[in-house]
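Chain by chain, the residues:
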Amino acid sequence: MKNLHFTLLPMIIISFLMFFCFSSCNNEEVLHDLEQASIIEEVVEEETIVEETPEPEPEPTPEPEPEPEVENQILKAFPAAYGGGAYATGGRGGTVYHVTNLKDDGSTGSLSWAIRQPRPAIIVFDVSGTINLTSIMVIQGQDLTIAGQTAPAGGITITSNDDNVKFRLWDVNNIIIRYIRFRWQRDNNNIGIDIYGNNKGAYNLIFDHVSLSYAGWTGVGLRGVDSHNNTFQNSIIAESKTGAIWGDSDTPGYSYDNSFNNNFFYNVSHRFPNSNSSGRVDVINNVIQNYYYRQISTDWGIKLNHINNYTAAGPHKSLRFSEMNRVESSKANEIYSFGNIIDNGIFEDPNGDNRLLWSEYAAGSETKYSQSSEFIGAQHALIGEPFTIKTAAQAYADIITNPTVGCSKYLNADGSVSNNYDANDTAYLAKIAEGEGAYEAYTTGNAGTDRSWFYEKRYLNFLASISSTPQNTRPSNYDTDRDGMPDVWEVAKGFNPNANDSKGDADGDGYTNLEEFLNRVDYN
């Protein structure tokens, strides 16, 4: 009945108004009143509809959620990780093992013991000093972080004078190695860091802030099956026979998506690095001080970014074909070479045609430029986690005015960072800081006895410093719960210094509580 009353009401009102208007008003007034009646009818009907059958409010169209950034999709190894190995997780969330002595006998607390413990694992250091290897040190398997930045002042240095001893990564994946020094001795004529994929590959590896000198055959060697998605960055390779072989030269298809960026070569004859691949490789923002023979060598159908590298030529005043980068032009290479500089007036135009820095491979007897067909005009997309590329001049200036390459830092108990350069790195950086034309003369050859640096005071001082006694040791109350985080840091962050909370993620960013401490070197 209620609905019927509301339906008849408008009709009664209209009838009344029409009768009244026709009786007492002129036509214009009638029309006006009819319009008003119509408005009344619409209002009444609208009110009736709302009251009788209310229509639901339309659902608002939801705003599309923004796409998460790549950095939030895949957590990096650490905030300053870039390139092919940037997404290694290392020992994240694993057991913490403390290196408490400098022995190489496999006893509890030695580095050789720590690398053989169950994974995932994070190795921290309670001592600083030199580990003199007496047997080959082999890292195998996966999920390992070696956090050299945790050592007290002085850091960790690995050495040996035995030609049978190597530091080797053999069939490995998902490894992070940071802030470690390798200073080999004259009779150890081997690869400084030997990375080899035998049957199971060598991939998802990142080496960061490593200092290496006195290597035999080459400073760093990456070879073998499935040797891909690796990064070597922010490191120093010095006074070694050659610099680096970055990829398998026998089967280049094994090696791809490898990055070699922001490194400093000092008094190394060549290989900056030799890049072997039929896939992608990045060689970016490296600084070379005083080459001896040539720059880099590559072919195999490589897809190479060779961008904004700086060569401090030292005594060199010109560039012979045999001293250039070299490539074999029969392999359909795709080389993007741009912005590279060789100072001393040799090639200093950052916009110059970089094809003039490449010769046609002839086993050391090069006499002509490489063919233009080997070069492309557009940069390949960067491998892995991208980064801002510096100009070559800026890369060089940073090495001089604000060097951070190499084993440059260590962590204090409160998470602050202190300088950790040793005498070798300090001398290398001081020489290049003298500016254009500065150099330290050297000789090199196939045998250690042919290399002049083994007769220098710097090397003899290093030998004299080798000791099994730690240079510095963390106090017993430094990390009460042995979770890798100092008590001072834990208290400041609201953690419990008497309970292992290293695996937690208090701020929810994906990095564990322990990683937050380890990563302080990236912010200081």
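Residues numbered from 1 in each chain as written. Predicted model: local features only at pLDDT ≥ 70, side-chain atom pairs only at ≥ 80, totals over all residues. Heavy atoms only, no water.

Let's shift gears to the overall build of the protein. Each helix and strand counted, the protein has nine helices and 29 strands in total. Residues counted as buried form 55% of the 524 residues belonging to the protein. When contacts within the protein are restricted to residue pairs at least 6 apart in sequence, those whose partners lie at least 24 apart make up 73%. (Helix = DSSP H or I, 4+ residues; strand = E, 2+ residues; numbered from the N terminus. Buried < 20%, exposed > 50% of the residue type's maximum accessible area, 1.4 Å probe, protein only. Contact = heavy atoms within 4.5 Å.)

For Ser112, the location among the structural elements is in helix 4 (residues 111-114). In terms of polar contacts, Ser112 uses its side chain to reach the backbone amide nitrogen of Gly106, at 3.1 Å. Sequence-distant contacts of Ser112, defined by excluding residues within four places in its chain, comprise Asp104, Asp105, Gly106 and Met137. (Polar contact = N/O pair within 3.5 Å; in protein donor to acceptor, adjacent residues only side chain to side chain.)

Pairs can form between side chains of opposite charge once their charged atoms are near each other. With the rule as written, the count across this model stands at 21 salt bridges. The partner of Asp187 in a salt bridge is Arg186, and the shortest N-O contact between them spans 3.4 Å. Across the pair Glu456 and Arg458 runs a salt bridge, and its minimum N-O distance is 3.3 Å. Its relative accessible area of 15% is what places Arg458 among the buried residues. Several salt bridges share partner residues, and in doing so they unite Arg181, Arg183, Asp422 and Asp425 into one network. (Salt bridge = Lys/Arg side-chain N within 4 Å of Asp/Glu carboxyl O.)

A separate point is the packing of aromatic side chains. All chains considered together, the criterion is met by 26 aromatic pairs. Judged by centre distance (5.7 Å) and plane angle (85°), the ring pair of Tyr97 and Trp113 falls under edge-to-face. Of this pair, Tyr97 sits in strand 1 (residues 95-99) while Trp113 sits in helix 4, and the two are 16 residues apart along the sequence. A ring pair is formed by Phe321 and Tyr369, whose centres lie 5.0 Å apart and whose planes are at 75°; its orientation type is edge-to-face. With a gap of 48 residues between them, Phe321 in the loop between strand 22 (310-312) and strand 23 (325-327) and Tyr369 in the loop between strand 26 (358-360) and helix 5 (392-401) connect regions that are remote in the sequence. A relative accessible area of 25% means that Phe321 is categorised as partly exposed. (Phe/Tyr/Trp six-rings, centres within 6.5 Å; stacked < 30°, edge-to-face > 60°.)

Before going further, it helps to spend a moment on the environment of Phe264. Structurally, the position occupied by Phe264 is in strand 16 (residues 264-266). A relative accessible area of 0% places Phe264 in the buried class. Residues Phe264 and Tyr396, 132 residues apart in the sequence, show an inter-C-alpha distance of 9.3 Å. In contact with Phe264, not counting residues within four places along its chain, are Ser235, Ile236, Ile237, Val287, Gln289, Ile399, Val405, Tyr428, Leu429 and Ile432.

Buried residues dominate strand 1, accounting for four of its five residues. Alignment of strand 1 against strand 2 (residues 121-125), held across five bridges, turns out to be parallel. The residue bridging Tyr97 from the neighbouring strand is Ile123, located in strand 2. (Pairing = 2+ DSSP bridges.)

Let's shift gears to the side chain of Arg294. Here Arg294 is to be found in the loop between strand 19 (287-289) and strand 20 (297-298). Buried and without a salt bridge, Arg294 has Glu366 as its closest oppositely charged side chain, separated by 6.7 Å. Contact partners of Arg294, with chain neighbours within four places excluded, come to Ser269, His270, Arg271, Phe272, Asn274, Ser322, Glu323, Met324 and Arg326. (Lys, Arg positive; Asp, Glu negative; His and termini not counted.)

When we look at burial in helix 5, the residues that qualify are Ala392, Ala395, Tyr396 and Ile399. Seen end-on, helix 5 carries its buried residues on one side only, within an arc spanning 95°. (Arc of directions from axis to C-beta.)

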